[in-house]
Amino acid sequence: MRAHDWFIEHRPDFVAGALEPGDEALFRDHLARCADCRAAAETLTADLAWLPLAAAPVAPRPGFAQRVVREVAHPQPRRRPWIWPLATAASLLLALAVWRADAARIAALEEELAASAAALAASEATLVATRDTLQVAFGADRVLQASIELGGMRGGLLILADETTHRWKVVVHGIPAAPADQRYTFWFITGDGMVHGAEVICDERNPAVLMLDMPAGAQLIKGGALTIEPRAGDLSVPRGTELAHLEM
Amino acid sequence: MSEAREDALRTRLAARDERALAELVELASPWLLGLTQSMLQDADEAEEVVLETFRVAWERVPAPEEGPRGLIPWLLRIARHRAIDRLRARKRRSRLGDRLAAAQVTATPAVEPDEAAHPGWHVHAAVHRALTELPDDQRQALRLAYFEGHTHSEIAERLDIPLGTVKTRLRLALGRLRTSLASLKDWVV
C-alpha cells in the first residue's frame, strides 16, 4: 500500500475522531499538505454535519440564556472569592481590636492579616502555575522522549506538546550540571532551522521543567533539540554538541 | 435556519449585537445541551461546554461574505469537539473514564415530538431514524467513536473485538449515514 493510500483509507476514521492520537496528528499534518484529502475530509464532515442532532434537545435551565449572554458579551475579570471573606475577617478583627483600645494589638493583627493575605496570594499564584503546568501535561497531544547518556549518567529529554495552546512543557532530567563555562540549551527545530528556546539549568538531582511558547514567527515547528553550548558566545545558532534531537 | 435568517444573524453577531446572540442562544441551546449532556452525562459540564461554544461563536463567527453557511452545524461541531476534549481529559486524568454507561450505546431514544418548541425537530427525527436503521453493531461503533471520543483500539478493547472489525463497522456506518443524511444538507431549520 502506498503511503497516501493509508490516508485515503483512514479519512472516515479521522472525521469520526477514531484515530489513535499519533495517527490523528499524522493525519492533521498530512491535511495541511494534501488538498485532495483536505477536500474529502471537508466533504465528509459536511455530509455528516447534522449527525450531532441525533441527541434529543434538552431545555436549558432557567436563567441559562441570560447567563450565556452576560458571560459571553460582558466577560468579567476573574473574581477572587477569598477577597471578601478576608475583608470581612479583617473588619471584625479591627473592630474587636478597637473595642479593646489596644493599639499594639491592632498593629499586630494588621501585620498578621497582611501576612495571611500575602500567603493566600502566593498560594493562588502557585495554584495557577500548577494548574497551568498540569493542563499542558494532561492536555499533551504529543509526547516525545529521548535518552541522554552523559558523564556516566543516563537521563533524558521529554517534550509534552499541547497543540491547542501551542505550548510545550520540556523536561530535562538525570544529567550532571553543566560545567561552569558551558550551558545546556534547548532549541526548537523549525522549517527555517534551529531557533533558540531557553537555557536549561539542571543537575543530577534537580530536573529542569520549562514551559515554552512557540518561537515568534516560526511557521513550522518540527521538533526540539538539547545541546551544550559554550557559555560565552551568542545563541543565534547552535555551535556546541547535540545531546538529544527529537522530531515529530 | 433559512439562508436569509442565517446571513442576517451572522451579520449582527459580527457587529456585536447582543440581541443576535440571545436569539442564537435561544435557537441553538437545546440542541447543544442535548448533544453535550448525552456525551458528558453531566449537566453542569455540558453547560460549560455550551457556554464555551457561544464564546467561540461570539469571537469568531465569520460575516456571511467571509465563510460558508451552516451556523448551527458549525456550533454543533465546536461543541462536540469540546466535549470530546473533556472526555479525553477525563480518561487521561484517571482511567476511570467509564462514567458513560454501556446502556448509552444505543440510538438516542425517540422523545415526544415537539416541533413548535424546538425548531429543527424534523432534522433530529431524520437523524434519529437514520441511526436506528443502522445495524446495532455499526451504531455502537459509531457512538463510541463519534459521540464518546474513543479511538479504534479503545473500542476494540471495550467491545472485545478485533481492530479491523471496529474499522469496518465504523466505515460502514459512516457510509450509510452519509447517504441517508445527504438530503438534510439543504433542509431549513
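Source: prediction; values computed, not measured.

Enquirer: For this particular structure, what's the right way to read the overall build of chain A?
Expert: When helices and strands are tallied, chain A shows 7 helices and 8 strands. Here chain A holds 248 residues, and the buried ones make up 20% of them. Here the contacts in chain A between residues at least 6 apart in sequence split such that 53% fall between residues at least 24 apart.

Enquirer: Help me understand the confidence of the model for chain B in this model?
Expert: Where the model shows low pLDDT, its predicted coordinates should not be examined in detail. All names here are of chain B. On average, residues of chain B carry a pLDDT of 84, and 84% of them reach 70 or more. The element-level mean pLDDT for chain B is lowest in helix α1 (residues 3–14), coming to 88, with helix α6 (residues 136–147) highest at 95. Note that residues 99–113 has pLDDT below 50 and, in this model, 20 contacts with residues that lie over four places away or in other chains.

Enquirer: Hey, could you run me through the interface of chain A and chain B in this one?
Expert: How big an interface is tends to be expressed through the accessible area that disappears when the partners come together. If you look at the interface, chain A gives 32 residues, while chain B gives 52 residues. The element that contributes the greatest number of residues to the side of chain A that touches chain B is helix α5 (residues 64–73) of chain A, accounting for 7 residues. Among the residues making up the side of chain A that touches chain B, the classes are represented as 26 nonpolar, 2 polar and 4 charged.

Enquirer: In this structure, what is going on with the nonpolar core? I would like to understand it.
Expert: Grouped burial of nonpolar side chains is what soluble globular proteins tend to show. By size, the foremost hydrophobic cluster in this structure holds 65 residues, and its most contacted members are B:Leu32, B:Leu75, B:Ala79, B:Val127, B:Ala145 and B:Leu170. Looking at which element gives the most residues to this core, the answer is helix α2 (residues 18–40) of chain B, with 11 residues. Apart from residues no more than four positions distant in its own chain, B:Leu32 is found in contact with B:Val50, B:Thr53, B:Leu75, B:Leu76 and B:Ala79. By size, the runner-up hydrophobic cluster in this structure holds 20 residues, among which are A:Leu157, A:Leu160, A:Ile189 and A:Leu226.

Enquirer: I would appreciate a short explanation of the sheet that holds strand β1 (residues 142–150) of chain A in the present structure.
Expert: By definition, the strands of a sheet pair up through backbone hydrogen bonds, in either a parallel or an antiparallel sense. All names here are of chain A. What the 4 strands build is an open sheet, ordered β1-β2-β3-β6; its pairing is antiparallel. Strands with a single pairing partner mark the edges of an open sheet, and in this sheet they are β1 and β6 (208–213). Strand-to-strand twist of the sheet, defined as the mean angle between neighbouring strand axes without regard to direction, takes the value 15°. As judged from the 9 bridges shared by β1 and strand β2 (residues 153–162), these two strands associate in the antiparallel manner. Bridge pairing links Gln 145 to Leu 158 in β2.

Basis of the calculations
- Residues numbered from 1 in each chain as written.
- Chains lettered and ligands numbered in written order.
- Predicted model: local features only at pLDDT ≥ 70, side-chain atom pairs only at ≥ 80, totals over all residues.
- Helix = DSSP H or I, 4+ residues; strand = E, 2+ residues; numbered from the N terminus.
- Buried ≥ 20, exposed ≤ 12 C-beta atoms within 10 Å, placed from the backbone.
- Contact = placed C-beta atoms within 7 Å.
- pLDDT = per-residue confidence, 0-100.
- Nonpolar A, V, L, I, M, F, W, Y, C, P; charged D, E, K, R; others polar.
- Core = buried A, V, L, I, M, F, W, Y, C linked by C-beta atoms within 7 Å.
- Pairing = 2+ DSSP bridges.
- Axes fitted to C-alpha atoms, helices over the stretch in contact; angles between N-to-C directions.

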